[in-house]
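# Structure at a glance
For reference, the chains in residue letters:
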Amino acid sequence: MSEPLTFFDQVNRNFDKAAAFTNHPHGILEQIKQINSVIHFAFPIKRDDGSIQVMHGWRAEHSHHKLPTKGGIRYAMTVNEDEVMALAALMTYKCAIVNVPFGGAKGGIRIAAHEYSEGELERITRRFTFELFNKHFIGPGLDVPAPDFGTGPREMAWIADTYSTLAPHDINALGCVTAKPVSEGGIDGRVEATGRGVFYGLREVCSVAEDMRGLGLSPGLEGKRVVVQGLGNVGYHTAKFLQEDGGAVIVGAIEHEGAIAKRTGIDVEALMAHRRETGSILGFPGATDLASRELGLELDCDILVPAALENAITMDNAPRVKAKIIAEAANGPTSSEASDLFFERGVLVLPDAFINAGGVTVSYFEWLKNLEHVRFGRLEKRFDEQSARRLLTAIEHATGRAFSDQEISSIARGAEEIDLVNSGLEETMIEAYHEIREIFKRGGGAYDLRAASMIDAIDKVALAYADRGIFP
Ligand code: GLU
């Protein structure tokens, strides 16, 4: 039997399938596919009990066609060189698809983060930043990390602080990492951005009546039955926005400890509170505990949202998946063979590099904010508000009708940072979807939406190489 494909092999298999539908020179395609730089660190840290432990960390920069490179740092036991390479490549394609001007990167430390104290995690994170700095693998114009599985704003604040200490003359030092706490140079709306982006993307996909008809679904998110795998930052926010803003019904949830189902809908906030209290999603009032986690992925539903780690859906379970739409909130959750099967069966897979791109999109906004040294909306908010007030007063004089205070305050409102971030994100997801949908339609059924999004990415990266030439 042949060796199973590694994660990076799978990404490259998807790349090759798409590349066959382009006519870029072979050498350029080869260059786009390669990991431009990858580094492994082994460094010691002192545990709280005084013992010394060797940590293993990696950073892969997949494509330098644009700088800085961008992508998260994950803390998980799955981390190895192949994993960060695959995830870094996905970041290149993701940034291209949503028109974020970065190359792709990804890093990680092989660690079961929950087994370490906060102090230990701080020492590990600061030491890792020091290693990255020494090897020129971090910097606002070089390579800009962000959170991923097992990391969040706290780790980003440690990274920003360590980098600023090491580069005191870099006026843009805070732009060395994104998804920082707002008080440390972060941006409003970054925490929930990936989940919000999945919601905007799904809402747009479901609004196209013709496509929904093809899947045997009615248009709109309202009433769509959704199963979410993974209730971390991405899964939780996706489920929350789908339920609260989209009117979708969360009929199933899957976590480490098991899976639950409830046909009438699971209240996401109540489920999170239940998990905080009991340590488990099982035993949630009104829901059924399923016999295994795996059965959760096979529940009858319209939309399945894998929001955990890679390889959740493979040929072992794909034939039993009943969803009509799979929204890859995680990176690489569907194996490339399983993806082929879904294409044959007419299941719509919304590829990771499109549907979960909301995080990096808002990271881009944060990076711009850091380079501009000013909060979005600060300059124009009051001006916009006053212009709108003057316009309303003119209308009042012309028509003789007076607006109520409530009307005035809702119309004459200058945008806050969060309003600008969310509208920029919404626009990005909608525009990107129609770009890849056009390419998909052009294929006339020859390839799926993943290949369409990959063709889009390949064209854009190839163009960047063509525009600037190759260094002699
Ligand atoms: N780790 C996230 C991703 O996979 C975010 C990356 C970023 O914001 O740079 O897209």
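A brief structural summary.

Cut-offs and rules
- Residues numbered from 1 in each chain as written.
- Predicted model: local features only at pLDDT ≥ 70, side-chain atom pairs only at ≥ 80, totals over all residues.
- Heavy atoms only, no water.
- Helix = DSSP H or I, 4+ residues; strand = E, 2+ residues; numbered from the N terminus.
- Rg over C-alpha atoms; globule rule 2.2 N^0.38 Å.
- Buried < 20%, exposed > 50% of the residue type's maximum accessible area, 1.4 Å probe, protein only.
- Contact = heavy atoms within 4.5 Å.
- Areas by Shrake-Rupley, 256 points an atom, 1.4 Å probe, with all protein chains shown as cover.
- Disulfide = S-S within 2.5 Å.
- Axes fitted to C-alpha atoms, helices over the stretch in contact; angles between N-to-C directions.
- Parallel < 35°, antiparallel > 145°, perpendicular 65-115°, else oblique.
- Nonpolar A, V, L, I, M, F, W, Y, C, P; charged D, E, K, R; others polar.
- Near = heavy atom within 4 Å.
- Polar contact = N/O pair within 3.5 Å; in protein donor to acceptor, adjacent residues only side chain to side chain.
- Core = buried A, V, L, I, M, F, W, Y, C linked by side-chain atoms within 4.5 Å.

### Notes on the overall build of the protein chain
Counting secondary structure elements, the protein chain contains 17 helices and 13 strands. The C-alpha atoms of the protein chain give 23 Å as radius of gyration, which agrees with the globular expectation for 472 residues (23 Å, within 12%). Its C-alpha atoms give the protein chain principal-axis dimensions of about 75 × 55 × 55 Å. Every one of the 472 residues in the protein chain was classed for burial, and the buried ones make up 55%. Look at the contacts in the protein chain between residues 6 or more apart in sequence, and 69% of them connect residues 24 or more apart. Accessible area for the protein chain stands at about 20,300 Å²; split by element, carbon and sulfur atoms hold 54% of it.

### A look at the side chain of Ser-280
Note that Ser-280 resides in the loop between α9 (268–278) and β10 (288–289). Here Ser-280 falls in the buried class, since its relative accessible area comes to 14%. Residue contacts for Ser-280: discarding those within four places in its chain leaves Glu-257, His-274 and Arg-275.

### Here's the deal with the state of the cysteines
Applying the stated criterion across every chain, the model contains 0 disulfides. A disulfide-free cysteine, Cys-95 has its sulfur positioned 17 Å from the sulfur of Cys-176, the nearest such atom. By relative accessible area, which is 0% here, Cys-95 ends up buried. Look at Cys-176 and you get buried, because its relative accessible area is 0%.

### Side note on the packing of helix α2 (residues 26–33) against helix α17 (residues 449–468)
Helix-helix packing is characterised by the crossing angle of the two axes and by the distance between the axes. Contact pair α2 / α17: the axes reach a minimum separation of 10 Å and the direction vectors enclose 105°. The angle between the axes of α2 and α17 places the two elements in the roughly perpendicular class. Within the contact between the two elements, α2 uses Ile-28, Leu-29, Gln-31 and Ile-32 and α17 uses Ile-458, Val-461, Ala-462 and Tyr-465. Of the residues assigned to the contact of α2 with α17, the class counts are 7 nonpolar, 1 polar and no charged.

### Overview of the site of the ligand
Taken together, 14 residues lie near the ligand, and Lys-70, Lys-94, Pro-147, Asp-148 and Ser-363 sit nearest. Within the side chain of Lys-70, one N or O atom sits 2.8 Å away from an oxygen atom of the ligand. Asn-331 is positioned with one of its side-chain polar atoms (N or O) 3.1 Å from an oxygen atom of the ligand. Expressed as a share of its isolated accessible area of 300 Å², the protein-covered part of the ligand is 94%. Contributions of two or more residues to the shell around the ligand are made by α3 (81–97) and α13 (358–372). No other element matches α13, which puts 3 residues into the shell around the ligand.

### Observations concerning the nonpolar core
Counting residues in hydrophobic clusters, the biggest one holds 96 residues, and the most contacted among them are Ile-32, Leu-202, Val-305, Ile-325 and Leu-350. Counting residues per element, this core draws most heavily on α3, which supplies 12 residues. Aside from chain neighbours lying at most four places away, what touches Leu-202 is Leu-221, Leu-242, Ile-303, Ile-325, Ala-327, Leu-350 and Ile-355. Within the second largest apolar cluster, 27 residues are counted, among which are Phe-43, Met-156, Ile-159 and Ala-179.

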